[in-house]
Amino acid sequence: MTRVARLAAAVCVAALLAGCGADPEPAGPPVGQPTSTAAPPAPPPIFYVDPDGAAARQVDEWQRAGRAADADLLLRISTRPSATWLVGGPDPVTERVDGLLTRATVAGQIPVLVVHNLPGRDCGHRGSGGARDAGEYQRWIRDVARGVEGRTVTVILEPGGVPDAVDRCVKDVSERLSLLEDAVTVLKSTGRARVYLDAGHPRWIKDTAKLASTLRRAGVAEADGFALNVADFIRTEDNVRYGHRLSDALGGSTRFVVDTSRNGNGPVAGDSVNGAPSWCNPPGRALGAEPTEAPGPDRVDALLWVKYPGESDGACRPGEPEHGVWWPEYALDLARNADHKAA
């Protein structure tokens with residue numbers, strides 16, 4: 001027997017009283033230290049979280065003012081990824097897009113952009129503005145694409161653009177759909193952009209065959225799919241069922257994403273609430289499911305927070321902020337209601 005073998009045998013004999021050769025008991029924590037039951041930390045979001053968003057600044061302000069409980073509730077918004085809206089205006093859009101994508105790349109996350117600058121956008125329902133004409137819009141879209149420069153990004157293309165064309169509130173439907181088709185082509189030419197044409201929500205266009213036909217004319221076959229529920233409150237399961245019907249009308253393989261930013265309690269009943277449209281800052285709403293690139297349902301690519309929770313839908317009632325203005329009290333209600341729902 002070798003020296004090493006003799007030593008091993010001696011060690012085993014000496015340890016027989018401790019059960020050498022038996023299955024060992026699991027090691028416990030050191031004496032005096034409790035067993036940890038904390039869950040492992042969640043992985044960082046795959047979509048971009050703006051560390052200087054309106055909710056993050058509000059959290060800092062409320063913490064300094066001693067509103068710790070309210071600040072903690074707003075962390076439900078400030079630490080979650082939300083989309084950035086591009087709506088035209090005087091600022092150079094190429095530089096803005098480039099800056100956003102650069103920050104997202106440094107963070108190792110994917111930004112979500114909402115492109116919303118069509119001429120005659122919204123048909124007067126929400127907000128106002130948009131490019132002055134088709135030529136201005138096409139130049140602007142190309143400026144957006146130059147800011148992307150081949151980097152990974154998810155784009156929600158023109159909320160309301162296709163449904164408004166189906167509703168026929170657009171003066172020149174052919175021009176509208178041609179502009180959307182061109183935008184899809186230009187954005188996809190950047191190489192790594194995932195582009196989803198907005199398709200409204202289940203309460204908007206009931207005729208999915210007609211909507212599918214219009215989406216085809218708008219270039220959905222060249223896009224990555226369509227988007228549902230942008231800035232609205234329809235429950236996720238209702239959007240998924242509607243999305244499947246619309247996808248079936250498009251051939252059965254078209255994929256889609258759903259905005260869940262404010263749909264935790266679903267929509268309010270009826271077309272109006274407190275004298276204003278039901279889509280405009282309805283009370284009692286809640287944050288919805290958190291953004292994820294792996295939502296589970298068939299053909300659903302992602303759940304996203306496309307509408308920034310806490311930004312006003314418009315000054316629809318006395319005292320409500322203008323469209324797009326940060327409204328901390330509304331944001332707090334969204335977070336608080338989600339907290340109550342979780343509890």
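Everything numeric here is computed off the predicted structure, so don't read it as measured data.

> Please set out the side chain of T214 residue by residue, giving values where relevant.
As for its placement among the helices and strands, T214 is situated in helix α8 (residues 208-217). Separated by 3.0 Å, the side chain of T214 and the backbone oxygen of K210 make a polar contact. Filtering out sequence-adjacent residues up to four positions away, T214 remains in contact with V162, A165, V166 and L177.

> Could you give me a rundown of the pairing of strand β2 (residues 112-115), with the residues and numbers involved?
Where burial is concerned, the two faces of β2 agree: the one with V112 and V114 and the one with L113 and V115 are both buried. Here strand β1 (residues 84-86) pairs with β2 via three bridges, running parallel. Residue pairing across strands places L86 opposite V115, the latter belonging to β2. Where the polypeptide runs from β1 across helix α4 (residues 93-107) and back to β2, its parallel neighbour, the crossover connection is right-handed.

> Which residues make up the packing of aromatic side chains, and what are the values?
As enumerated under the stated definition, the model contains four aromatic pairs in all. Centroid distance F226 to F256: 5.1 Å. Interplanar angle 5°. Geometry classified as stacked. In this pair, F226 is assigned in strand β5 (residues 225-228) and F256 in strand β6 (residues 256-259), connecting sequence segments 30 residues apart. F256 gets classed as buried once you look at its relative accessible area, which sits at 0%. Between the NZ or CZ atom of R67 and the centre of the ring of W62, over which it lies, the distance is 4.0 Å.

Rules used in this analysis
- Residues numbered from 1 in each chain as written.
- Predicted model: local features only at pLDDT ≥ 70, side-chain atom pairs only at ≥ 80, totals over all residues.
- Heavy atoms only, no water.
- Helix = DSSP H or I, 4+ residues; strand = E, 2+ residues; numbered from the N terminus.
- Polar contact = N/O pair within 3.5 Å; in protein donor to acceptor, adjacent residues only side chain to side chain.
- Contact = heavy atoms within 4.5 Å.
- Buried < 20%, exposed > 50% of the residue type's maximum accessible area, 1.4 Å probe, protein only.
- Pairing = 2+ DSSP bridges.
- Right-handed = clockwise from strand over helix to strand, strands pointing away.
- Phe/Tyr/Trp six-rings, centres within 6.5 Å; stacked < 30°, edge-to-face > 60°.
- Lys NZ or Arg CZ within 6 Å of the ring centre and 35° of its normal.

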